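# Reading the structure
Spelled out from the first residue to the last, the chains are:
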Amino acid sequence: MFKGAGRIAAVLSLCLFAATQSANVAHAQYPTRAINLIVPAAAGGPTDAVARLIAETMSRTLGQQVVVENVGGAGGTIGMARVAKSAPDGYMISVWHIAQATAPSLYTNLQYNVTDNFDSIGRIADVPMTVVAKSTLEAKNIKELIAWIKEKKTAVTYAHAGIGSASHLCALMFMSAIDTQMTAVGYRGTGPAMADLLGGQFDVMCDQTTGTTEQIKGGKIKGYAATTKQRLAVLPELPTLDESGLKGFEVTAWHAMWAPKGLPKDVADKLSGALTAALKDPKVIERLAVLGAEPVKPEQQGPAALSAHLKAEVAKWSPVIQAAGVKAN
Ligand code: ASP
């Protein structure tokens, strides 16, 4: 060993120690600036509604603004790619949904791996979906609606929020269950799709109750059926598709929060702690209930439970999507 090597090694390890210490201090102080929350769908839709509700309470807990940014398009994959490629420093997070589980089966050129490129922060809520239509549609109930679609076939237009979105998945399953194709109209999220449905610019849509409940109750659109096995507490008059002849039909969208892979543990803990606190906030609980969404049980909520749920959902939807024979690219 050359002379002075011991001193250089000592200086180097001192530098390393100082760097680790200052990183630890930086984490301990986290967050010191606003946090960017990507919603990979347009503003005004179901995911946006849930994300903004959570962001408001998380901002209070973390002492910094959690700022929602809508990055819609390509069934949410543009926004989620942005998150996957961001620095894992806790200043970039996202709220998305079941499409995180369906994207790998639908997109052959997906820019990211849904399990390997993200850290799970926590699951937020399960959200039933509803079959809705423009207010001028004549069908009086779901049976008449199905008969009308079967008669008109591709002359009927349906909206979705991009290939692989929940509205797309639900419509695919519905069309397969009634063995009839309709014509798709794509949007960057069901917020703008709902605005067009109010104007009668397409016929039908399947969307989360967080986007449809208030419009159905207000008589602005027609609600025909729920996609869950049980009727909905918020819209009990809607029959389920299962009880309406489409035996076994069940699609529930679920929302969760993710961050880029590699978050420092204390940052991850702060984020999931703030999310848990948000889900205990009576205002959040009440608003989710009004919109027909169910906050998940505490044991299903944390990062490990979300990772397990995502894996199970990827495995569940892959054969369904393969059988439906759809691909996004
Ligand atoms: N509801 C949308 C979907 O169908 C997404 C959204 O706009 O929140 O996936």
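As shown above, the structure is provided for reference.
This one's a predicted model, so the numbers in the text were calculated from it and none came from an experiment. (Residues numbered from 1 in each chain as written. Predicted model: local features only at pLDDT ≥ 70, side-chain atom pairs only at ≥ 80, totals over all residues. Heavy atoms only, no water.)

### Structural notes on the state of the cysteines
The line we're drawing: Here, the term disulfide refers to a pair of cysteine sulfur atoms separated by no more than 2.5 Å. Secondary structure is summarised from DSSP: a helix means a run of H or I of at least four residues, a strand means a run of E of at least two, and numbering begins at the N terminus for each. For every residue, the accessible area obtained with a 1.4 Å probe (protein chains only) is divided by the maximum for its type, and the residue is called buried under 20%, exposed over 50%, and partly exposed between those limits.
Taken as a whole and assessed by the stated rule, the structure comprises one disulfide. Linked covalently through their sulfurs, C170 and C206 form a disulfide whose S-S length is 1.9 Å. A torsion of 55° about the S-S bond marks the disulfide between C170 and C206 as right-handed. Separated by 36 residues along the polypeptide, C170 in helix 6 (residues 166-178) and C206 in strand 7 (residues 204-208) bring together distant segments of the chain. Taking the relative accessible area as the measure of exposure, C170 reaches 0% and is therefore buried. For C206, a relative accessible area of 4% puts it in the buried group.

### A few points about the side chain of S167
Stated precisely, the cut-off is as follows: Nitrogen and oxygen atoms within 3.5 Å of one another constitute a polar contact, given that in protein one can donate a hydrogen and the other can accept it, and given that sequence-neighbouring residues count only through two side-chain atoms.
On the secondary structure map, S167 appears in helix 6. Separated by 3.2 Å, the side chains of S167 and S165 make a polar contact.

### A word on unusual backbone geometry
Cis geometry marks the peptide bond from Y30 to P31; its omega dihedral reads 0°. Its location among the elements puts P31 in the loop between helix 1 (5-29) and strand 1 (35-39). The backbone of A74 shows a phi angle near 50°, a positive value even though the residue is not glycine. Structurally, the position occupied by A74 is in the loop between strand 2 (66-70) and helix 3 (77-84). If you check the backbone angles, D179 has positive phi at about 55° while not being a glycine. Looking at the element boundaries, D179 is found in the loop between helix 6 and strand 6 (183-186). With relative accessibility at 69%, the residue D179 sits in the exposed group.

### Some words on the site of the ligand
Put simply, the test is: We call a residue near a molecule or strand whenever a single non-hydrogen atom of that residue lies within 4 Å of it. Where accessible areas are quoted, they stem from the Shrake-Rupley method and a 1.4 Å probe; at the residue level, only the protein chains shown are allowed to cover.
Every residue lining the ligand is accounted for by A41, P46, T47, H97, A161, S165, A166, S167, G189, T190, D207 and Q208. Here an oxygen atom of the ligand and a side-chain polar atom of H97 are 2.6 Å apart. Contacts to the ligand include S167, whose side-chain N or O atom sits 2.5 Å from an oxygen atom. Contact with the protein chains covers 100% of the free accessible surface of the ligand, which is 270 Å².

### A short note on the packing of aromatic side chains
Which entries qualify depends on this criterion: When the centres of two rings from Phe, Tyr and Trp lie within 6.5 Å, Trp using its six-membered ring, the rings pair. Their planes under 30 degrees apart give stacked, over 60 give edge-to-face, and anything left gives tilted. Charges are assigned to positions over rings by a cutoff of 6 Å between ring centre and Lys NZ or Arg CZ, combined with an angular limit of 35 degrees from the ring normal.
Within the structure shown, the criterion is met by four aromatic pairs. Between the aromatic rings of Y112 and F118, the centroid separation amounts to 5.5 Å while the plane-to-plane angle is 90°, which identifies the pairing as edge-to-face. Here the two residues Y112 and F118 agree in accessibility, since each one is buried. Considering the side-chain rings of W254 and W258, the 6.1 Å spacing of their centres and the 55° angle between planes classify their relative orientation as tilted. A relative accessible area of 2% places W254 in the buried class. According to the relative accessible area criterion, W258 is buried, its value standing at 1%. Over the aromatic face of Y91 sits the side chain of R33, whose NZ or CZ is 3.8 Å from the ring centroid.

### Overview of the environment of D126
In this structure, D126 sits in strand 4 (residues 118-134). The spatial distance from the C-alpha of D126 to the C-alpha of G292 is 9.1 Å, given a sequence separation of 166 residues. A distance of 3.2 Å separates polar atoms of two side chains, one belonging to D126 and the other to R123.

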